[in-house]
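Now for the letters of each chain:
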Amino acid sequence: MSTNDPSELEQIPGIGPKRAKALRVAGYETLDDLEAATEADLRDVAMFDDILARDIKAMLNRDADDVVPVKQPNVVTPDDWRVTERQLAHIRTLTDDPPSDLVGATALDVRAQLEFAMDPELLGFRQVCGRVVTHDSATGEYHPVPNATVHVEDTDCSFLSRFPSDLGYGWFFPFDCTRETVATTTTNECGEFCVYVPLWDIDRVLDFRRERVCLPEIVRPRIRDVLERPEEFPDPVNPPEPRPEPRPDPGFGRLFDPGVFERTAELVGEDVALRLGAGTERGDFGDLEPEAATLLDRPAFPEPPEPPLPEGFLRPDPEERLERLGDELPVDPEVIAAVDPDRLVGPFLRCRDVFVPEWRTFVDVPDITFRVTQDFDGDGTQETIYSEGFFDVRWNEEQSLDVDLVADDAANSIPTCDGLTPENVECETPSIESIGLLPTRSPIYDDATGYARRINRPKPPGSSTRPDGTAPFAGTLQLHGCHRFEEASYYRVLYSYEGGPERPFTGHEWHVPAIGRDPVHVQPSATDGWYPILDVPYLESYYGENLNDNPLLFPYWVLNWNTRGYRDGSYEVRLQLGDSDMDPLSVTSPSSTITVDNRAPNLDIGGIVWGPTSEPPEEWDNEITESCPRIERPSGEDIGIRVTFRAWGKHFRSVEASAHGCGRNPTLVQPSSSGRSNRYSYWHESVGDRSHRQTVVFEVPAGYQQGAYRIRLRGVSRAFNPAGGGRGPSTNWEYDTDYIDSHFTRLISITDA
C-alpha cells in the first residue's frame, strides 16, 4: 500500500518523487543512508550527476540559512563539455595566447583559464533543451522515447545541396563528415534532455555561416516557418507568437480563405491545417490556444518527403552513378562519387531573396549536432535511432533553443508520460483507480453512466450555471488500478460491452517508463489476456539485476486501451487477479463503466440560396444546386448568401458555420452578431440536445473582389481524452476541449455579371 505522505527523501530541496524513487532503487532509503554515501556513490544513481551529487551532499551538511542550487536532471553541464581539436582552433582565433593543454578540458576550465583573455560575452553558456520522440503518422501524435543516450557531437561536414527550381525547399547530401563526441546524457522518463553549450562554440558555428550567403537561414523548418514564407503565399499568413498582443486582424484568420487552406494542406497535411485553423477560432484577437501554439512549433516534416532526383543519381555504385550521369549535373565528379544517395537531410526552406542554384557544394560546414542511440531490441548493443542532426538548432535565435528529435519508428517509445503515481493512490482492494489522469470517483466521473461530468458541459440559454455533462472517452485510454497484492502473480482486465457477455482484453502491448532504465515492454503472458504483475521479483528477472525498489514510474498502469479498435458504446470494466498458474482468484474489483465514442458529429448543408441584400433573405429564390456552384453578382450590388445546415450526433457538442473570402470575409447578418463576425456558433443546451438545424445569412458587399468563397461547417463532439495533453488536473477536470471534430465545406465562385 502507498501513502500520500512524502518520504523524508522528498523533503530535501531538489528531490521530488521521481528522484526519491531513484534513490530508493539504488538502496538509499533514509537521510542516514544519504549522509553515509559519498559523492561518487550518488553519481552512480540514476538521474544524478556530479553537480547534483555535490549539491545534495553539501545540503546535508550545511547550515539551515544557506541556499544550495540544485541542477535539473539529465543535463549536459559545462563541467561535462569536453573541448575538441576543432574547437580549440577556434578558441585560438578569439584570444592571443591560449593554453596549449585545453583539448579534453571542460568548458568550465576554458572559462577559468581565459576569463581575462577572451571577450567575456563569449564565456557564458546557452541552454538547449529538447526531447526525443517517435511520430505516429496515423494519429499525428508524438510519443516520448525515455532512457535513450543523446550524444552531443562536434561535427564538420561537407554537403551537396539539391534545391529543385519548382519547389520552395531542398535537401542536403552530407559527405566527408568527421564527428567528435563532446558530451553525452540520457533522456529522462519523458524523453527530455538539456545541454549547456558554450557561447564561444556557438560563435564558431555562426561565424562560418555569417560569411556565407544563405547558410544562416538553413535550419530544420517548423510549421510556423512554412506558413510565413512569401513564396508559398502571395500574402504571408504570418502566424502570431503563442500569446501576442491583441491585434484586430490576426493573419491566422486567413487559414480557411479559398486557396490558402488548400496550399497549407499541401505543405503540412490536411489534418494539421484543419487543427491549426480550429485552434485560431477560439478566443479573441488571434489569441492562440496552447494546443495550436504548440502545433505551430512542431517539425514541418516529421516524415520527410523524398527529393526529385535524376535516375542515375540513385545508383548505389559510385562508378555507375558517374557513368549514368555523365555531364548531366554541374557538380564535381568527385563529389557525386562521395555522396550516398540514400543518406540525406531535409527538406529545408529555400533562402529568401537569394538565387539558389539547383545543385551546390558546401565544404567543411561546422555544427553542433545530436545523435541518439537506444538498445531497442534488447541485444545489449546501442542502435542509432536518430542521426544526421544537421541544422537542428537555431543558433542565431534569441529566444529559447528547443529541439524535437524525431527518432526512427523502431525506437522504444511510451504512449504518454502522465499517469497514476504511487503517492496519489492507496490500495486496499482491487480497483480501477483512474482512466488516464481522470480519477474514477464522483463528482468528476459518473460510474453509473461512464461519463465525465465536468468536461464540455451544456450551456443553457440565459443561465451562467452549467449543469453536469455527458462527455464520453475517446482515443487511447491508460487504465490504472490496484492489482498488486501478495497472493496475485497475474491480472487481466475484463469487459462487457452493452450488457453482453464478459471477456478479457487481449492483444494489447505497451511500454512503461522506468526511472534510470529502459522502459518495460508489457505484453500478455497468454492468449486469454493475463498479464504478469510487474513487481520487484519480475523486474529483477526482466533487467537481470537486483533491485531495492520498484523503478516503474507508473506501477499501477494495467492497460493501454486503443478504443478506436472497439465499437462505440458502454463498457463495464473490472480487474481480475490470478495466481502463479493464471487461475482466477476469488477477489476481483468492482466494475467501472466507461462510455466510448470516437465518432465525429454529422454535418450537412441542406440548401444555399443567394440574392440582393435590398430584398429580405426569405424572399431570395436563386438556389444553388450545381456541383460547381457559381454566383453572377449584379454589378455594383451587395448580395447575401443564405445557408441552411444541420449538425447532429449522439454526443454532439457544438457547431460553427463561417464564410471565408478572397482576403475579406463575408459578414454574418442573420442571426445578428456583435461586431463584424464571419462566424455563427451554437453549443448544446442540455445533455439531451443532440442536433441543431439553423439558417444563416452572410453578406458579400459589392466591393468584395470576384473569386472563390468558402462556406465552412465545423462540428465538435463532447468526447475527450484524459491522457494528460489537456488541462484536466489543473482545472479539477472542469474545462472544454475539442478532441474530435468534423468539417464540411462548399466552395462558391462569385463573378460580376
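Residues numbered from 1 in each chain as written. Predicted model: local features only at pLDDT ≥ 70, side-chain atom pairs only at ≥ 80, totals over all residues. Heavy atoms only, no water.

1. Re the pattern of salt bridges
Any two side chains of opposite charge can pair, so long as their charged atoms come close to each other.
Consideration 1: Counting across every chain of the model gives 29 salt bridges.
Consideration 2: With a shortest N-O distance of 3.7 Å, Arg315 and Glu320 are connected by a salt bridge.
Consideration 3: Classification of Arg315 by relative accessible area gives partly exposed; the value is 23%.
Consideration 4: According to the relative accessible area criterion, Glu320 is partly exposed, its value standing at 28%.
Consideration 5: The shortest N-O distance in the salt bridge between Arg574 and Glu502 comes to 2.7 Å. With Arg574 in strand 22 (residues 569–578) and Glu502 in strand 17 (residues 502–504), this pair connects stretches of sequence that are 72 residues apart.
Consideration 6: Owing to a relative accessible area of 15%, Arg574 belongs among the buried residues under this scheme.
Consideration 7: For Glu502, a relative accessible area of 41% translates into the label partly exposed.
Consideration 8: Each of Arg86, Asp154, Asp156, Glu180, Asp201 and Arg204 takes part in one network of salt bridges that share partners. (Salt bridge = Lys/Arg side-chain N within 4 Å of Asp/Glu carboxyl O. Buried < 20%, exposed > 50% of the residue type's maximum accessible area, 1.4 Å probe, protein only. Helix = DSSP H or I, 4+ residues; strand = E, 2+ residues; numbered from the N terminus.)

2. Notes on the environment of Val669
Consideration 1: If you trace the backbone, Val669 turns up in strand 30 (residues 667–670).
Consideration 2: On the accessibility criterion, Val669 (35% relative accessible area) is partly exposed.
Consideration 3: Between the C-alpha atom of Val669 and that of Tyr680, which follows or precedes it by 11 residues, the distance is 9.7 Å.
Consideration 4: When near neighbours in sequence (up to four residues on either side) are disregarded, Val669 contacts Val697 and Glu699. (Contact = heavy atoms within 4.5 Å.)

3. Things to note about empty space enclosed by the protein
Sizing a probe to match a water molecule and rolling it over the atoms shows the empty space that remains.
Consideration 1: For the structure shown, the criterion picks out 1 cavity of 30 Å³ or more.
Consideration 2: Its boundaries defined by the atoms lining it, the largest cavity holds a volume of some 50 Å³.
Consideration 3: His483, Arg484, Tyr491, Val512, Leu534, Leu552, Phe554, Pro555 and Trp557 are the residues that line the largest cavity.
Consideration 4: Of the residues in the lining of the largest cavity, the class split is 7 nonpolar, 1 polar and 1 charged. (1 Å grid on protein atoms, 1.4 Å probe; cavity = no way out; pocket = protein on both sides within 12 Å on 5 of 7 lines; lining within 4 Å. Points joined across faces, edges and corners; volume = space filled by probe spheres on them. Nonpolar A, V, L, I, M, F, W, Y, C, P; charged D, E, K, R; others polar.)

4. Remarks on the sheet that holds strand 15 (residues 476–482)
Consideration 1: In space, the 4 strands of this open sheet follow the order 12-11-15-21, with antiparallel pairing throughout. In the strand order of this sheet, the two ends are held by strand 12 (438–439) and strand 21 (557–562), each with one partner.
Consideration 2: Relative to strand 12, strand 11 (residues 431–435) runs antiparallel, the two being bridged by 2 bridges. Among the inter-strand pairings, Ile435 is bridged to a residue of strand 12, identified as Leu438. (Pairing = 2+ DSSP bridges.)

5. Section: the packing of aromatic side chains
Consideration 1: Applying the stated rule across the entire model yields 31 aromatic pairs.
Consideration 2: Taking the centre distance of 6.2 Å and the plane angle of 65° together, the rings of Phe645 and Tyr680 count as edge-to-face. Here Phe645, found in strand 28 (residues 639–648), pairs with Tyr680, found in strand 31 (residues 679–683); they are 35 residues apart in sequence, far enough to count as distant.
Consideration 3: Through a chain of ring-to-ring contacts, the aromatic side chains of Phe159, Phe163, Phe172, Phe348, Phe362, Phe390 and Phe391 assemble into a single cluster.
Consideration 4: The residue whose ring lies beneath Arg360 is Phe362, and the NZ or CZ to ring-centre distance is 5.1 Å. (Phe/Tyr/Trp six-rings, centres within 6.5 Å; stacked < 30°, edge-to-face > 60°. Lys NZ or Arg CZ within 6 Å of the ring centre and 35° of its normal.)

6. So, the state of the cysteines
Consideration 1: Across all of its chains, the model carries 3 disulfides by this definition.
Consideration 2: In this model, Cys129 is linked to Cys194 through a disulfide, with the two sulfur atoms separated by 2.0 Å. Where Cys129 bonds to Cys194 through sulfur, the torsion about that S-S bond is close to 105°, and the disulfide is right-handed. Here Cys194 lies in strand 6 (residues 192–198) and Cys129 lies in strand 2 (residues 125–136), a separation of 65 residues in the sequence. Like Cys194, Cys129 is buried. (Disulfide = S-S within 2.5 Å.)

7. Let's talk about the packing of helix 5 (residues 85–94) against helix 7 (residues 199–210)
Consideration 1: Two numbers describe how helix 5 lies on helix 7: the axes approach to 10 Å, and their chain directions differ by 90°. Classed by the angle they form, the pair helix 5 and helix 7 counts as roughly perpendicular. Of the residues in helix 7, those in contact with Arg86, Gln87, His90, Ile91 and Leu94 of helix 5 are Trp200, Asp201, Asp203, Arg204 and Asp207.
Consideration 2: Here the contact of helix 5 with helix 7 is composed, by residue class, of 3 nonpolar, 2 polar and 5 charged. (Axes fitted to C-alpha atoms, helices over the stretch in contact; angles between N-to-C directions. Parallel < 35°, antiparallel > 145°, perpendicular 65-115°, else oblique.)

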